[in-house]
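Remarks on the overall topology
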Amino acid sequence: MSDASLNSTETQTYEAGFGDYFALLKPRVMTLVVFTALVGMIAAPVSVHPIVGFAAILFIAVGGGASGALNMWWDADIDAVMKRTSKRPIPSGRVTADEAFAFGMTLAAFSVVMLALATNFLAAGLLAFTIFFYIVIYTMWLKRWTPQNIVIGGAAGAFPPMIGWAAATGSISVESILMFALIFMWTPPHFWALALFTKMDYDNAQVPMLTVTHGRRATRVHILVYTVLLAVLAVGLGFTSVGGPFYLAMAVFLNLRFLKGAVDIWRRDEDMAEADRFLAERKFFKASLIYLFAHFGAIAVEAMLASFGWGGW
Amino acid sequence: MSLSRQHEMHKRRFSRNLGLGLVLAAFVALVFGLTVAKVSNEDFVLPTGEETG
């Protein structure tokens, strides 16, 4: 836009600032990506040059951010009607959908090529697949089609530790698959708890969340079943080479607490939930965030203890 | 409105340009660091064409 056009403020379009583009990258989701990818890299039984490690995590984060921008480009119509997402850059008019698409595609290609140059082709291939999976399989296809959207789509968010591990070792192993599985199994109860207390949002946007298609009772049962399976997996990870006594103690404690939260949700009906404004569901959602960070934090602690000859089995 | 007057849009444009400039500078520094890290690795070997040429 030329400076002369400032005179006609009525026809002026909003020119996005740096922060508006940064918001397209979903910075909060990015923290999870950065943290889990970093743990995947630290837990790997190979030492990585600090600059190479830093670059790898950065490019994984940029790839994750690109996915966020492309997701916002495709889902702008849904975001506009959901209270939780209505202030995002596209529905609020700060960035156009075309700009978000160009920004996302450029960063996606950039992050994959740079990760390949900085580390190896396996890590870059996994990052490319993650972006493809999140945008095409989850956002474009499953999200608006099946109530299992969160279950399958959760795989996209589960790849970062596997990419971090692959960036360090150049391979895939049982440990990296189990770290993937931990996030994969954690995602459904995390999002279903959110769907229980933001109920009107998904109804309004006509997204086939489990709460909408199968009812809220079924969602409560699903949360409990997935939490039981998650507990088995999380504790099982403690017996692999990335686990150890510290991780195992943390996992047992966290999973007992998480299971109690899931049982509380399962035992409640809608009247009870309405009466205390979904207190148990909100607590479970918050606890789920701590749960994941604490598990990966414990894996990182085990790796650091191992470097002093203390951690592991 | 005078053309020299500071408009809110100019602030946003400046923030974008400054942000992009800093990101590009950081990227240059990162690529330099990566290059140093790669060539100082013990496993690093020059491509054969470079050696004979």
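Going by the structure above, here's the rest.
In this report, we go over the structure that sits alongside the text. Not measured: the values here are computed from a predicted model.

Points about the packing of helix α3 (residues 50-74) of chain A against helix α1 (residues 8-39) of chain B
Packing of α3 of chain A against α1 of chain B leaves a shortest axis separation of 9 Å and a crossing angle of 135°. Classified by the angle between their axes, α3 of chain A and α1 of chain B sit oblique to one another. As α3 of chain A packs across α1 of chain B, the resulting crossing turns out to be left-handed. When α3 of chain A is examined against α1 of chain B, the residues I51, V52, F54, A55, L58 and F59 of chain A are found in contact with a partner set consisting of F27, L30, G33, L34 and A37 of chain B. Here the residues of the contact of α3 of chain A with α1 of chain B sort into 10 nonpolar, 1 polar and no charged.

Examining the packing of aromatic side chains
Residue and element names in this part refer to chain A. Applying the stated rule across the entire model yields 18 aromatic pairs over all chains. Summarising the aromatic geometry, the rings of F258 and Y291 are spaced 4.5 Å apart at their centres and angled 25° between planes, so their arrangement reads as stacked. Here F258 is found in helix α13 (residues 245-267), whereas its partner Y291 is found in helix α15 (residues 279-307), with 33 residues between them in sequence. On the basis of relative accessibility, which here comes to 1%, the residue Y291 falls in the buried class.

Here we look at the interface of chain B and chain A
On the side of chain A, 24 residues touch chain B, which itself brings 19 residues to the contact. Counting the surface lost from both chain B and chain A, the interface buries some 1900 Å², and carbon and sulfur atoms represent 66% of this. Seen at the junction of chain B and chain A, the total is 2 salt bridges. Residues belonging to the side of chain B that touches chain A are distributed by class as follows: 10 nonpolar, 5 polar and 4 charged.

Concerning the nonpolar core
Residues and elements named next belong to chain A. Residues L115 and I299 are the most contacted members of the largest nonpolar core, which totals 95 residues. Considering each element in turn, this core owes the most residues, 12 residues, to helix α9 (residues 174-197). The next biggest cluster of nonpolar side chains, apart from the first, holds 9 residues, and it includes A16, A76, I90 and V95.

Focus on the side chain of T211 of chain A
Residues and elements named next belong to chain A. Summarising the element assignment, T211 is placed in helix α11 (residues 210-213). In this structure T211 comes out as buried when scored by relative accessible area, which is 9%. Leaving out residues up to four positions away in the same chain, T211 has contacts with A195, L196, R216 and T219.

Cut-offs applied
Residues numbered from 1 in each chain as written. Chains lettered and ligands numbered in written order. Predicted model: local features only at pLDDT ≥ 70, side-chain atom pairs only at ≥ 80, totals over all residues. Heavy atoms only, no water. Axes fitted to C-alpha atoms, helices over the stretch in contact; angles between N-to-C directions. Helix = DSSP H or I, 4+ residues; strand = E, 2+ residues; numbered from the N terminus. Parallel < 35°, antiparallel > 145°, perpendicular 65-115°, else oblique. Left-handed = near helix turned anticlockwise from the far one by under 90°. Contact = heavy atoms within 4.5 Å. Nonpolar A, V, L, I, M, F, W, Y, C, P; charged D, E, K, R; others polar. Phe/Tyr/Trp six-rings, centres within 6.5 Å; stacked < 30°, edge-to-face > 60°. Buried < 20%, exposed > 50% of the residue type's maximum accessible area, 1.4 Å probe, protein only. Buried area = accessible area lost by both parts, 1.4 Å probe. Salt bridge = Lys/Arg side-chain N within 4 Å of Asp/Glu carboxyl O. Core = buried A, V, L, I, M, F, W, Y, C linked by side-chain atoms within 4.5 Å.

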